Amino acid sequence: MDLEQRSINVDSLLPHYERYFGHSPTVIAAAPGRVNLIGEHTDYNNGFVLPMALEMINAVSVAPSPTGKHRWVGALGDSIIELSPEEASQTGDPFWSNYVRGVVCMLERRGVKVPAVDMLVDSNVPRGGGLSSSAAFEVSVCTALAALCGVDISPTERALIGQQTEHEFVNVPCGIMDQFISANGKKDHALMLDCKDLSYQYIPMTDPDVSVLVIDSAVKHSLADGGYAARRRNCEEACAVLGVESLREVSLNMLEANKTKLGDLCYRRARHVVGENLRVANFAKALEEGDWEAAGIAMRGSHASLRDDFEVSCAEVDTLVGLSYTIPSAESVYGARMAGGGFGGCIVALVKSDAVEQVAHEMLEGYREALGIETTYIVTRPGQGAHLLFQEQ
Ligand code: GLA
């Protein structure tokens, strides 16, 4: 995975589309990937998350197909796949087409008749890096198709369509965070979401003195591997023991009182979730007050808990986070943690802006020395959620 970005814009997409299909797109939609600042593995426990959208996007260009069949193609040289309107809403090959098939199916379930379309998909969100390339894909497809069909589907509904696509067409039992931030993200803002009722609030992230640094561990992760689903089951087991509907209703005192009944594993899983919700609240407050030290403490606590209690980190990611304490410029790092589902992917750090390039350089250097792995990083600002790049008048 390479975090250094290739730019994607209307000028680069239009000729590309025309070369494939011999006509122009009527709609081009974009949706971003995300990095989660804090609140990991809390979304499917009715808890709190605090992600921000990235400036990296998935772009989908579409127009009705003159052939009566769907024709879809990825911009990176894949061959065009052709599907009948019936096939387009069922699972099938190639695997990537399921992200589109799922969205078509979910739109049809909501009474939207999707015509056969010619579709070009392009993305600069790295795949398998824990930056939600799939959510960006689903949400951009949904945004493009809704605009093409002339129907108004709210960003939150588009997020739910993306999540249902993951569940039913991709076999990933994910929560709502990734699709929600991809659909609802706002430039220069992080978003705090209450996954219990999907209410949310934007928090400005405009302090020029603080930068968000994302570093790839170069370990590919996959949420379909079983570790993610197993964590969800552990949380459900803990709820069953405690007699609650979700871990949202559980306090640290209640956990302690039921420690023996829960057993070590479920106790630790639940302790992560309950503690993480508290850390999100602390982080949000710190962000609002510009208290970066406090924000960093919450991030560091989150990482330790994900590593030790939830056990979703890995040696490489722990090495990167560890380096944030030991590099020569360590005092310029407020906090760092694994980001996303875990088992690889990226770390996210809050760093003093005047030292961010130096910190990145030292981290990459240290990582190469420790593990022999070359990797990449980006310094990013919060990007814009799903939007149209182009629509024919
Ligand atoms: C993945 C899932 C999200 C969320 C995170 C962990 O990114 O898609 O729903 O559960 O893992 O916080």
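In this text the structure is predicted, and so the values were computed from the model without any measurement.

Asks: Just to check I follow, could you spell out the packing of helix α10 (residues 315-326) against helix α11 (residues 356-371) for this structure?
Replies: When two helices pack together, their arrangement is given by the angle between the helix axes and the distance between those axes. Viewed as axis vectors pointing N to C, α10 and α11 meet at an angle of 130°, and their least axial separation amounts to 10 Å. Considering the angle they form, α10 stands oblique to α11. Both α10 and α11 take part in a crossing whose hand is right-handed. Facing Glu316, Thr319, Leu320, Leu323 and Ser324 of α10, the residues of α11 in contact are Met363, Gly366, Tyr367, Ala370 and Leu371. Of the residues in the contact of α10 with α11, the class split is six nonpolar, three polar and one charged.

Asks: Can you help me understand the pairing of strand β10 (residues 346-352) in this one?
Replies: Here is the key point about a regular strand: its side chains alternate between the two faces of the sheet. Burial runs high along β10: six of the seven residues are buried. In this sheet, β10 lies alongside strand β8 (residues 210-216) in antiparallel orientation, the contact comprising seven bridges. Its bridge partner lying in β10, Ile215 is registered against Ile347. Pairing between strand β9 (residues 333-338) and β10: five bridges, direction antiparallel. Residue pairing for β10: Ala336 is matched across the bridge by Ala349.

Asks: Looking at this structure, how should I read the side chain of Ser305?
Replies: Along the chain, Ser305 falls in helix α9 (residues 292-308). Sequence-distant contacts of Ser305, defined by excluding residues within four places in its chain, comprise His272, Arg279 and Phe310.

Asks: Sorry, what's going on with the layout of surface pockets here?
Replies: Unfilled space is identified by rolling a water-sized probe across the atoms. Taken as a whole, the largest pocket holds about 1,100 Å³ of empty space. Around the largest pocket, the lining comprises 50 residues; the ones closest to its centre are Tyr99, Arg127, Gly128, Ser133 and Ser134. Elements represented by at least two residues in the lining of the largest pocket include exactly β5 (117-123), α3 (133-149), α4 (155-170) and α5 (177-184). Examining the composition of the lining of the largest pocket, we find that four residues originate from one element, α3, more than from any other. The residue makeup of the lining of the largest pocket includes at least three contributed by each of domain 1 (10-203 + 383-391) and domain 2 (206-380).

Asks: Even after reading the chapter, I still don't get the packing of aromatic side chains, so can you show me in this structure?
Replies: To describe a pair of aromatic rings, you give the distance between the ring centres and the angle between the ring planes. For the coordinates displayed, the defined rule picks out eight aromatic pairs. When the centroid spacing of 6.1 Å and the interplanar angle of 90° are considered together, the rings of Phe95 and Tyr99 count as edge-to-face. On the accessibility criterion, Tyr99 (12% relative accessible area) is buried. An aromatic cluster of at least three residues, connected via ring pairs, comprises Phe95, Trp96, Tyr99 and Phe137. Between Arg300 and the ring centre of Tyr325, over which it is positioned, the NZ or CZ distance is 3.8 Å.

Asks: What's the story with the site of the ligand in this structure? I'm lost.
Replies: Around the ligand, 12 residues are found, and the nearest of them are Glu40, His41, Asp43, Asp178 and Tyr228. Taking Glu40, its side chain carries an N or O atom lying 2.7 Å from an oxygen atom of the ligand. One of the backbone nitrogen or oxygen atoms of Gly175 is found 2.8 Å away from an oxygen atom of the ligand. Coverage of the ligand by the protein chains reaches 98% of its 310 Å² of free accessible surface. Spatially, the ligand is embedded in the largest pocket. A class-by-class count of the residues in the shell around the ligand yields five nonpolar, three polar and four charged. Each of domain 1 (10-203 + 383-391) and domain 2 (206-380) contributes no fewer than three residues to the shell around the ligand.

Asks: What is the right way to look at the environment of Ser61 in this model?
Replies: Residue placement: Ser61 occurs in strand β2 (residues 48-64). Among the residues examined, Ser61 registers a relative accessible area of 1% and is labelled buried. Each C-alpha atom of the pair Ser61 and Ala30 lies 8.9 Å from the other, and the pair is 31 residues apart in sequence. Not counting chain neighbours up to four residues away, the residues in contact with Ser61 comprise Leu13, Tyr17, Pro25, Val27, Ile28, Asp118, Met119 and Leu120.

Asks: What is the right way to look at the sheet that holds β10 in this model?
Replies: What links the strands of a sheet is backbone hydrogen bonding, and the strands pair in either a parallel or an antiparallel sense. Across the sheet, which stays open at both edges, the four strands sit in the order β9-β10-β8-β11 with antiparallel pairing between neighbours. The sheet terminates laterally at β9 and β11 (377-380), the two strands that pair on one side only. Within this sheet the neighbouring strands show an average axis-to-axis angle of 20°, counted without direction. Bridging between β8 and β11 involves four bridges; their strand directions are antiparallel. Along β11, the bridge assignment pairs Val214 with Ile378.

Asks: For this particular structure, what's the right way to read the packing of helix α8 (residues 259-289) against α9?
Replies: Direction vectors running N to C along α8 and α9 enclose 165°, while the axes themselves pass 9 Å from each other. It follows from the interaxial angle that α8 and α9 lie roughly antiparallel. Judged by the twist between their axes, the crossing of α8 over α9 is left-handed. Contact residues: α8 offers Arg268, His272, Glu276, Arg279, Phe283, Ala286 and Leu287, while α9 offers Trp292, Ala294, Ala295, Ala298, Met299, Gly301, Ser302, Ser305, Leu306 and Asp308. Along the lines of polarity and charge, the residues of the contact of α8 with α9 split into nine nonpolar, four polar and four charged.

Asks: What is the right way to read the pattern of salt bridges from this model?
Replies: Pairing of side chains with opposite charge becomes possible as their charged atoms draw close. Per the stated rule, a full pass over the model turns up 17 salt bridges. A salt bridge links Asp188 to Arg381; its shortest N-O distance comes to 3.4 Å. Note that Asp188 is positioned in the loop between α5 and β6 (189-194) and Arg381 in the loop between β11 and β12 (387-391), a separation of 193 residues in sequence. Take Arg381: its relative accessible area is 38%, and that puts it in the partly exposed class. Taking the shortest distance from any N to any O, the salt bridge between Glu276 and Arg279 comes out at 2.9 Å. With Glu276 and Arg279 both in helix α8 and three residues apart, the pair spans about one turn of that helix. Here Glu276 matches Arg279 in class, with each residue buried.

Rules and cut-offs
- Per chain, residues are indexed from 1 in the order of the written sequence.
- At least 70 in pLDDT is required for a residue's local features to be given in this predicted model, at least 80 for side-chain atom pairs to be given and counted, and no such filter applies to totals for whole chains, interfaces and linings, which use all residues.
- Water and hydrogen atoms play no part in the side-chain values, which are based on all heavy atoms of the structure.
- Here an axis means a line fitted to C-alpha atoms, over the contact stretch when the element is a helix, while the angle between two N-to-C directions is reported on a 0 to 180 degree scale.
- Secondary structure elements are defined from DSSP: runs of H or I of at least 4 residues count as helices, runs of E of at least 2 residues count as strands, and each element is numbered from the N terminus.
- Put simply, angles under 35 degrees are roughly parallel, angles over 145 are roughly antiparallel, angles from 65 to 115 are roughly perpendicular, and the rest are oblique.
- Handedness of a helix crossing follows the sense of rotation of the near helix relative to the far helix, less than a right angle counterclockwise being left-handed and clockwise being right-handed.
- Every residue pair with non-hydrogen atoms within 4.5 Å of one another is taken to be in contact.
- Three categories are distinguished: nonpolar for Ala, Val, Leu, Ile, Met, Phe, Trp, Tyr, Cys and Pro, charged for Asp, Glu, Lys and Arg, and polar for the others, with Gly belonging to the last.
- For each residue, the accessible area found with a 1.4 Å probe, counting protein chains only, is set against the maximum for its type, and the residue is called buried under 20%, exposed over 50%, and partly exposed in between.
- DSSP-based pairing: two strands are paired if at least 2 bridges between them are found.
- Here a cavity denotes grid points, spaced 1 Å and computed from the protein atoms alone, that fit a 1.4 Å probe unable to get out, and a pocket denotes an open set having protein on both sides within 12 Å along at least 5 of 7 lines; residues with an atom within 4 Å of a point are the lining.
- Grid points are joined across faces, edges and corners, and a volume is the space filled by probe spheres set on the points.
- Bear in mind that the domain bounds are from an automatic or database domain assignment.
- A pair of Phe, Tyr and Trp rings is counted when the ring centres sit within 6.5 Å of each other, with Trp represented by its six-membered ring. The angle between the planes then sorts it: under 30 degrees is stacked, over 60 is edge-to-face, the rest tilted.
- Definition used: whenever NZ (Lys) or CZ (Arg) falls within 6 Å of the ring centre and also within 35 degrees of the ring normal, the charge is taken to sit over that ring.
- Nearness is defined per residue: one heavy atom within 4 Å of the molecule or strand is enough.
- For this analysis, a polar contact is any N or O atom pair within 3.5 Å, provided that within protein one partner can donate a hydrogen and the other can accept it, and provided that sequence-adjacent residues contribute only side-chain to side-chain pairs.
- Only the protein chains shown count as cover for residues, and the accessible areas themselves come from Shrake-Rupley with a 1.4 Å probe.
- By definition, a pocket or cavity contains a molecule when more than half of the molecule's atoms lie within 2 Å of the pocket's grid points.
- Just to be clear on terms, a salt bridge is a Lys or Arg side-chain nitrogen sitting within 4 Å of an Asp or Glu carboxyl oxygen.

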